Amino acid sequence: MDINMYDFELPEELIAQTPLAERSSSRLLTLNKRSGSIEHHHFSEIIEYLQPGDTLVLNDTRVLPARLFGVKEDTGAKAEVLLLKNLGNDSWEALVKPGKKLKTGSVIVFSDELKAVIESEGEMGGRVLRFSYQGIFNEILDRLGQMPLPPYIKERLDDQERYQTVYSKHEGSAAAPTAGLHFTEELLEQIRNKGVDVGFVTLHVGLGTFRPVSVDRIEDHVMHEEYYVLPQETADLLNDTKQRGGRVVAVGTTSARTLETVAQKCGDGPIVKSSGWTGIFIYPGYTYKLVDALITNFHLPKSTLVMLVSALAGRENILNAYREAIEQKYRFFSFGDAMFIY
């Protein structure tokens, strides 16, 4: 399968640079995956598409202020670090800039209380760093770190919480599960009051978010693994939902990947609590086992996320919906508008 089958022209001005003042006032394109029919709404109207007996599954990961700025200890040259994965024992997988200058053995000083030594080198700017510090690491990170906004966002984010969901809980992500940014506490309460259950999973978004697909054949692409948790409470909700004929509605591709990972592990049996690392790669030809509907944002051309939604709704339906969204000047990517596939 050729990667160019998932390419499209996106005007740069449609890449949202800042969040809207009100989370749920973003636009919502709805796509019927069977008929291909499209409608246009505001996100607050998502409640009209959710039915009593459905279960909404949210990813409650919380983004680390993972971008650190320092200097090389020996030369004073500027250095930038993006933390991606906690490896334990004060070691982290990270991306560094400038990669050519930051080699194994280099020491980066961030402040009087925090420094790191590069222990090993990986591909495309990847490094393993070991930190030394005075005090509590997460408290230092909260003081020194900045929110790791994607590279296509050039504007400064004044309110760091706008890159967190209102239900974020478990810190560990290198990027936000952006489909969830549209929800407010009030909207979630309205959804619950309608008879829709709300469950949570955790998937810490990692390195794969920052790496483009670099192969021509989709089948040759290898996903980077990310850590997930699906608690027993959510497993019970999912089993009850399926038994009563309700729909499982994933909020975001991260929730969808977590649900499908666990569904694969559980096979034909009931869903049970699960945690571990997933590198699941969903693209057309894949049959969803647990997810019936999906709330998601609009994604990058030729990205694994465009392939994931195409596996649910069909490539032609997705590309047609994206053409419509571009014509209607929807806002794209992290701070952009939303899409509901049902």
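Residues numbered from 1 in each chain as written. Predicted model: local features only at pLDDT ≥ 70, side-chain atom pairs only at ≥ 80, totals over all residues. Heavy atoms only, no water.

Give a detailed account of helix H5 (residues 304-313), specifying residues and quantitative values.
For H5, a buried count of 9 out of 10 residues is recorded, marking the element as mostly surrounded by other parts of the structure. Every buried residue belonging to H5 is among Thr304, Val306, Met307, Leu308, Val309, Ser310, Ala311, Leu312 and Ala313, and all of these are buried. Along its buried surface, H5 packs onto strand E1 (27-31), helix H4 (253-266), strand E16 (293-297), helix H6 (315-327) and strand E17 (338-341). Remark: glycine 314 follows H5 within two positions and exhibits a positive phi of approximately 95°. (Buried < 20%, exposed > 50% of the residue type's maximum accessible area, 1.4 Å probe, protein only. Helix = DSSP H or I, 4+ residues; strand = E, 2+ residues; numbered from the N terminus. Contact = heavy atoms within 4.5 Å.)

Can you tell me about the pairing of strand E12 (residues 197-203), naming the residues and giving the values?
Among the 7 residues in E12, 5 count as buried, and that is most of the element. In this structure, strand E3 (residues 55-59) lies alongside E12, joined through 5 bridges in parallel fashion. When the sheet's bridge partners are listed, threonine 55 is paired in E12 with aspartate 197. Where E12 and strand E13 (residues 226-230) come together, 2 bridges link them in antiparallel fashion. (Pairing = 2+ DSSP bridges.)

Can you tell me about the nonpolar core, naming the residues and giving the values?
One finds Tyr163, Leu259, Phe332, Met339 and Ile341 to be the most contacted residues of the largest nonpolar core, which totals 65 residues. Residues Ala94, Ile108, Phe110 and Leu129 belong to the second largest nonpolar core, which totals 24 residues. (Core = buried A, V, L, I, M, F, W, Y, C linked by side-chain atoms within 4.5 Å.)

Please set out the packing of aromatic side chains residue by residue, giving values where relevant.
Summed over all chains, the structure comprises 20 aromatic pairs. Centroid distance phenylalanine 298 to tyrosine 330: 5.6 Å. Interplanar angle 65°. Geometry classified as edge-to-face. Taken as a pair, phenylalanine 298 in the loop between E16 and H5 and tyrosine 330 in the loop between H6 and E17 lie far apart in primary sequence, 32 residues in all. By relative accessible area, which is 0% here, tyrosine 330 ends up buried. (Phe/Tyr/Trp six-rings, centres within 6.5 Å; stacked < 30°, edge-to-face > 60°.)

How would you sum up the pattern of salt bridges? Please name residues and give values.
Evaluated as defined, the whole model comprises 13 salt bridges. For lysine 85, the salt bridge is made with glutamate 93, and the minimal N-O distance between the two is 3.7 Å. (Salt bridge = Lys/Arg side-chain N within 4 Å of Asp/Glu carboxyl O.)

Can you explain helix H2 (residues 185-193)? Please cite residues and give values.
Taken residue by residue, H2 has Leu187, Leu188 and Ile191 as its buried positions. Buried positions in H2, seen along its axis, are confined to an arc of 100° and lie on one side of it. Facing away from the buried side of H2 by over 90 degrees, the exposed positions are Glu186 and Asn193. The elements touched by buried residues of H2 are E3. Just downstream of H2 lies glycine 195, where phi reads positive at about 100°. (Arc of directions from axis to C-beta.)

Which residues make up the sheet that holds strand E5 (residues 67-72), and what are the values?
The 6 strands lie next to each other as E5-E6-E7-E10-E9-E8, forming a closed barrel whose pairing is antiparallel. Averaged over neighbouring strand pairs, the angle between their axes works out to 45° when direction is ignored. Bridging between strand E6 (residues 78-88) and strand E7 (residues 91-97) involves 7 bridges; their strand directions are antiparallel. Within E7, the residue paired with glycine 88 across the bridge is serine 91. (Axes fitted to C-alpha atoms, helices over the stretch in contact; angles between N-to-C directions.)

So what's going on with unusual backbone geometry? Which residues, and what values?
In this model, lysine 97 is joined to proline 98 through a cis peptide bond whose omega is -10°. Within the secondary structure, proline 98 is located in the loop between E7 and strand E8 (107-111). Despite not being glycine, aspartate 90 has its phi angle at roughly 65°, a positive value. Within the element layout of this structure, aspartate 90 appears in the loop between E6 and E7. For lysine 329, which is not glycine, the phi torsion reads 60° and is therefore positive. Within the secondary structure, lysine 329 is located in the loop between H6 and E17. In this structure lysine 329 comes out as exposed when scored by relative accessible area, which is 57%.

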